[in-house]
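One letter stands for each residue in the lines below.
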Amino acid sequence: MLLKALNVTNFKNIAQGTFRFSEKLNCLLGNNGMGKSNLLDAIYYLSFCKSFTGAQDSMVMRRGEDFMILQGSYERKGSDEEINVSLGGGRRKTFKRSGKEYKRLSAHIGLFPAVLVSPADMDLVNGGGEERRRFIDMIISQGDARYLDHLIRYNHNLQQRNKLLRDGVSDSMLFLAIETAMDASARYITECRRNIIERLARIHRRYYAAIAGSDAEFTGLEYHSALENEEGLSMMDLFERFRGRDTILKHTSTGPHRDDISLTLNSMPVRQTASQGQQKTYTIALRLAQYEFLAEWTGLKPLLLLDDIFDKLDAGRVEAIISVVADDKFGQIFITDTNRKHLDEILGHIPAAHALWTVCDGEFTQLQ
């Protein structure tokens, strides 16, 4: 899959931009805060229908403007496709594929896969379980539409159950109807997460060793779920067991929305024992593992978005990352950096066609 061209109007600090991309490597050079990451975010938006920063749609429109437009021209499985997004202007957001508007945005997820590697990935190590659940949910949702449907359904029913708890409702039949639906979705979500995390862990171990330059450090990913308990309790059993506690807390205290993934290095928690360089290596390896897994699962090479990834890494690890992404298993790459030296090193390792832009205050000037 390739993103051949992109037109941007009023996206964050980019007033107007027309880009024609290289099939392999696209480099964006400039100081922090100039708009490099905003272009990557526009590309991400076309894949996921939202900003990677989590900003509301109203916040991605350029300051002082009341509309935003993105137009992406792709080559996907040998066919030309176009994705159009328009937002604002007094109308609701529209998302179209080849001129046809989606009835549900969730139907778009996974059709144009992308993997973003950014400094925010450190939240996978240092943040709460929500960050790690979002990570695995995004991977599975790009390859399994049924999983995404179950996830949406589970979260909708979770909101309904929490409302009953907040309102002090005691009607057991209402709870039973909601919890039965949650139980079915919870079983599917848990099974998918467990299977994917086991497979991802093996790929991750290989990428970490490649970047670290040694296989002496042993990485681990382990899924922890309320449904994987020694007593073999179902979600319905757990709802019944914790109903009194949930009534007091006024929210649902157990389920897939509370599950987590432990990240370890040499069987110790990465957050507590790893250096900054090790943590950064760990998260980059996670994203590269995500890329390889999705490429195998979907039959499409995702877009690889590398946003300022070399900070806090020694020269050896920078060299290793460059060598890894130069492999033919990776498709089209978009990379930002403040350091021309890094980009020149990458260009030296990847002799294929490339494009290079400098970025200043949302203005992009193509050099090559």
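Just above, that's the structure.
As the structure is a computational prediction, the values presented were derived from the model and not from experiment.

**Description of the environment of Ser-47**
Here's step 1: Relative to the helices and strands, Ser-47 resides in helix α1 (residues 36-48).
Here's step 2: The contact partners of Ser-47, leaving out residues within four places of it in the chain, are His-108, Ile-109, Phe-112, Pro-113 and Ala-114.
Here's step 3: At a separation of 2.6 Å, a polar atom in the side chain of Ser-47 contacts the main-chain carbonyl oxygen of Phe-112.

**Description of the pattern of salt bridges**
Here's step 1: Tallied over the entire structure, the rule returns 25 salt bridges.
Here's step 2: Between Asp-137 and Arg-193 there is a salt bridge; the shortest N-O distance is 3.1 Å. Of this pair, Asp-137 sits in helix α4 (residues 129-143) while Arg-193 sits in helix α6 (residues 172-212); the two residues are 56 residues apart in sequence, bridging distant segments of the chain.
Here's step 3: Taking the relative accessible area as the measure of exposure, Asp-137 reaches 12% and is therefore buried.
Here's step 4: With its nearest N and O atoms 3.2 Å apart, the salt bridge here joins Arg-187 to Asp-183. Of the two residues, Arg-187 and Asp-183 are both situated in helix α6; the distance of four residues between them amounts to about one turn of the helix.
Here's step 5: On the accessibility criterion, Arg-187 (47% relative accessible area) is partly exposed.
Here's step 6: On the basis of relative accessibility, which here comes to 10%, the residue Asp-183 falls in the buried class.

**Looking at the sheet that holds strand β2 (residues 14-20)**
Here's step 1: In space, the six strands of this open sheet follow the order β2-β1-β4-β5-β6-β7, with antiparallel pairing throughout. Strand pairing shows two members of the sheet lacking a second neighbour, β2 and β7 (100-101), which therefore form its edges.
Here's step 2: Pairing between strand β1 (residues 2-11) and strand β4 (residues 67-76): seven bridges, direction antiparallel. The partner of Asn-7 across the bridge, within β4, is Gln-71.

**Quick look at the packing of aromatic side chains**
Here's step 1: By the definition in use, this model includes 14 aromatic pairs.
Here's step 2: Considering the side-chain rings of Tyr-44 and Phe-52, the 5.6 Å spacing of their centres and the 90° angle between planes classify their relative orientation as edge-to-face.
Here's step 3: Judged by relative accessible area, Tyr-44 falls into the buried class, the value being 10%.
Here's step 4: Taken together, the aromatic side chains of Phe-19, Phe-21, Phe-334, Trp-357 and Phe-364 make up a single cluster linked through ring pairs.
Here's step 5: Above the plane of the ring of Phe-175 lies Arg-243, whose end atom (NZ or CZ) is 5.4 Å from the centre.

**Thoughts on the nonpolar core**
Here's step 1: In this structure, Leu-221, Leu-288 and Leu-304 are the most contacted members of the largest nonpolar core, which totals 72 residues.
Here's step 2: Of all the elements, α6 adds the most residues to this core, at 15 residues.
Here's step 3: Ignoring any residue separated from it by four or fewer positions in sequence, one finds Leu-288 in contact with Tyr-207, Ile-211, Leu-304, Val-324, Val-325 and Phe-330.
Here's step 4: Counting 44 residues, the second-largest nonpolar core is a separate cluster that includes Phe-19, Leu-40, Val-60 and Leu-87.

Cut-off values and rules
Residues numbered from 1 in each chain as written. Predicted model: local features only at pLDDT ≥ 70, side-chain atom pairs only at ≥ 80, totals over all residues. Heavy atoms only, no water. Helix = DSSP H or I, 4+ residues; strand = E, 2+ residues; numbered from the N terminus. Contact = heavy atoms within 4.5 Å. Polar contact = N/O pair within 3.5 Å; in protein donor to acceptor, adjacent residues only side chain to side chain. Salt bridge = Lys/Arg side-chain N within 4 Å of Asp/Glu carboxyl O. Buried < 20%, exposed > 50% of the residue type's maximum accessible area, 1.4 Å probe, protein only. Pairing = 2+ DSSP bridges. Phe/Tyr/Trp six-rings, centres within 6.5 Å; stacked < 30°, edge-to-face > 60°. Lys NZ or Arg CZ within 6 Å of the ring centre and 35° of its normal. Core = buried A, V, L, I, M, F, W, Y, C linked by side-chain atoms within 4.5 Å.

The values reported here are purely geometric and, on their own, carry no functional implication.
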